[in-house]
Amino acid sequence: MSRHPLRVAIAESERSLAAAGVGSPRVDAELLAAHVLDRPRSQLLMTPLVDDDEVERLRELTARRAKREPLQHILGTAVLGPVTVDVGPGVFVPRPETELLLEWGLAAIRDVRSPVVVDLCTGSAALALAFAGSRPDGTVHALEADPAAVRWARHNIAAHGDRVTLHVADVRWPDLLVELEGRVDLVVCNPPYVPDGTPVEPEVADWDPADAVFGGPDGLELIPAVLDVAAGLLRHGGALAVEHDDTHAESVPELLRRRRTLDEVVEHADLAGRPRFVTARRVPAPRGTRVRPDSRDGA
């Protein structure tokens, strides 16, 4: 069996991916090589030579990625914050942009003792598990309706020690999570929000479930329901973060501003400077109002 320079094999993979229109060909080529060699990407430089079968395996995976199969499907996993979850056909692949929503949410509950967090439209449960992993003192609930996504969420939650409670329900149903009413410190949601008919990349169009991507003619089909649920769950001063389409920079914040129960509405951009998620807080309790015994001081 002959040996080959790994850098040459990676360069070949990079050229193939670039020719196929993959947006990050070098990174993807290195991640595929790391997967083949079963080692971190940071250790590739420590492996100057690889065997014939490893080169062939890299070529096979490169060919799949060149057909625009999502990298996460090929690897079988996706990373969000401190957690790695399994993903594949039937569930939405977590995106790097959601890291910013995670960071904001963690900051919002930084000073809350034993926070209660609810992740609506959880999909793979990656975001819920990221909060659970970041705040082991917290209680995290996740809600999902799609049967295929529920299977992935259950699998991932079990793989991470059952630290998230999964609720199989549609965010549009009435009387959701009534046992948590007025007790939640943070509600987050990455709902389907792309307007119907919007052109999307092949990785999305051909692989992500349409129901997890498209949110009706204007992309806002589920967001009012998300706000209804959040309004009932949040304690006074509790925080809300909702991801949205980059065409919603005005419409989604306006939906939040119309709610008399919400204030401190702020729009946030992603790493590319595009509008990506909006945040708010439930208005504090009026002065003199008796606070429920299970309410907590916090962020």
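Use the structure listed above.
For every chain, the first residue of the written sequence is number 1, and numbering continues from 1 onward in sequence order. Predicted model: local features are reported for residues with pLDDT of at least 70 only, side-chain atom pairs are reported and counted for 80 or more only, and whole-chain, interface and lining totals are derived from all residues. Here the side-chain values reflect all heavy atoms present in the structure, with hydrogen atoms and water set aside.

Further remarks concern the packing of helix H2 (residues 25-37) against helix H3 (residues 52-66). For any two helices packed against each other, the geometry comes down to the angle between their axes and how far apart the axes lie. A fitted line through C-alpha atoms serves as each axis, taken over the contacting stretch for helices, and the angle formed by two N-to-C directions is quoted from 0 to 180°. Here a helix means four or more residues in a row that DSSP labels H or I, a strand means two or more in a row labelled E, and each is numbered from the N terminus. Closest axis-to-axis distance for the H2/H3 pair is 9 Å, and the angle between their directions is 135°. What the angle tells us is that H2 and H3 run oblique. The two elements H2 and H3 cross, and the hand of that crossing is right-handed. Across the interface between the two elements, Asp28, Ala29, Leu32, Ala33, His35, Val36 and Leu37 of H2 pack against Glu54, Arg57, Leu58, Leu61, Thr62 and Arg65 of H3. Throughout this description, any angle smaller than 35 degrees is read as roughly parallel, any larger than 145 degrees as roughly antiparallel, any in the 65 to 115 degree range as roughly perpendicular, and the remainder as oblique. What makes a crossing left-handed is the near helix being turned counterclockwise from the far one by less than a right angle; a clockwise turn instead makes it right-handed. Whether two residues are in contact is decided by their heavy atoms: any pair within 4.5 Å suffices.

Attention now goes to the side chain of asparagine 156. Mapped onto the secondary structure, asparagine 156 falls in helix H7 (residues 147-159). On the accessibility criterion, asparagine 156 (1% relative accessible area) is buried. Summary of the burial criterion: residues with accessible area below 20% of their type's maximum are buried, those above 50% are exposed, and those between are partly exposed, where the area comes from a 1.4 Å probe applied to protein chains only.

Take a probe with the size of a water molecule and roll it over the atoms, and the empty space left behind shows itself. Any residue with an atom within 4 Å of a point lines the site, the site being either a cavity, points on a 1 Å grid over the protein atoms alone where a 1.4 Å probe fits but cannot get out, or a pocket, an open set with protein on both sides within 12 Å along at least 5 of 7 lines. Grid points are joined across faces, edges and corners, and a volume is the space filled by probe spheres set on the points. Throughout the structure, instances matching the rule amount to two cavities of 30 Å³ or more. If you add up the space inside the largest cavity, you get close to 40 Å³. Ala9, Glu12, Ser13, Val55, Leu58, Arg59 and Thr62 together form the lining of the largest cavity. Secondary structure elements with two or more residues in the lining of the largest cavity: helix H1 (6-19) and H3. It is H3 that provides the largest number of residues to the lining of the largest cavity, a total of four residues. Its residues assigned to classes, the lining of the largest cavity shows three nonpolar, two polar and two charged. There is about 30 Å³ of room inside the second largest cavity. Leu6, Ala9, Ala33, Val36, Leu37, Val50, Glu54, Val55 and Leu58 together form the lining of the second largest cavity. Every element with two or more residues in the lining of the second largest cavity is listed here: H1, H2 and H3. As a working rule, the residues Ala, Val, Leu, Ile, Met, Phe, Trp, Tyr, Cys and Pro are called nonpolar, Asp, Glu, Lys and Arg charged, and the rest polar, with Gly in that last group.

Time to look at the environment of phenylalanine 277. Examined against the element boundaries, phenylalanine 277 turns out to sit in strand S11 (residues 275-282). For phenylalanine 277, a relative accessible area of 3% corresponds to the buried category. When the C-alpha positions of phenylalanine 277 and glutamate 267 are compared, they lie 6.2 Å apart, and in sequence the two are 10 residues distant. Look past the residues within four positions of phenylalanine 277 in its chain and what remains in contact with it is Leu100, Leu101, Trp104, Ala241, Val242, Glu243, His244, Val266, Glu267 and His268.

Close approach of charged atoms allows side chains of opposite charge to pair. By salt bridge we mean one thing: a side-chain nitrogen of Lys or Arg within 4 Å of a carboxyl oxygen of Asp or Glu. Counted under the stated rule, the structure contains 20 salt bridges. The salt bridge involving glutamate 30 is made with arginine 26; its shortest N-O contact spans 3.0 Å. Within this pair, glutamate 30 and its partner arginine 26 are both found in helix H2, separated by four residues, close to a single helical turn. Between glutamate 254 and arginine 258 there is a salt bridge whose closest N-O contact spans 3.7 Å. You can call glutamate 254 partly exposed: its relative accessible area is 33%.

The subject of this paragraph is H1. With 14 residues, H1 should cover 20 Å at 1.5 Å per step; its first-to-last C-alpha distance of 20 Å lies within 8% of that length. Regarding H1, the residues found buried are Leu6, Ala9, Ile10, Ser13 and Leu17. For H1, the angular spread of buried residues about the axis comes to 95°, placing them on one side. H1 presents Arg7, Arg15 and Ala19 as exposed residues on the side facing more than 90 degrees away from its buried surface. Those residues of H1 hidden inside the fold are in contact with strand S1 (3-5), H2, strand S2 (49-51) and H3. Remark: glycine 21 follows H1 within two positions and exhibits a positive phi of approximately 90°. Under the convention used throughout, the expected extent of a helix is 1.5 Å for every residue step, that is, one less than its residue count. The arc in question is the one spanned by the directions pointing from the helix axis to the C-beta atoms.

Once that is clear, we can look at unusual backbone geometry. Non-glycine residue cysteine 121 carries a positive phi angle of around 55°. Here cysteine 121 shows up in the loop between strand S5 (116-120) and helix H6 (126-134). On the basis of relative accessibility, which here comes to 16%, the residue cysteine 121 falls in the buried class. With phi around 50°, leucine 177 is a residue other than glycine that occupies positive phi space. Structurally, leucine 177 can be placed in the loop between strand S7 (164-168) and strand S8 (184-189). Residue leucine 177 is classed as buried on the basis of its relative accessible area of 8%.

With that settled, the discussion passes to the packing of H1 against H2. Taken N-terminus to C-terminus, the directions of H1 and H2 make an angle of 130°; their axes are 8 Å apart at the nearest point. Comparing the axis directions of H1 and H2 gives the class oblique. Like other packed secondary-structure pairs, H1 and H2 cross with a definite hand, here right-handed. In this structure, H1 uses Leu6, Ile10, Ala11, Ser13, Glu14, Leu17 and Ala18 to contact H2, whose residues at the interface are Pro25, Arg26, Asp28, Ala29, Glu30, Leu32, Ala33 and Leu37. Looking at the contact of H1 with H2 residue by residue, the classes come out as 10 nonpolar, one polar and four charged.

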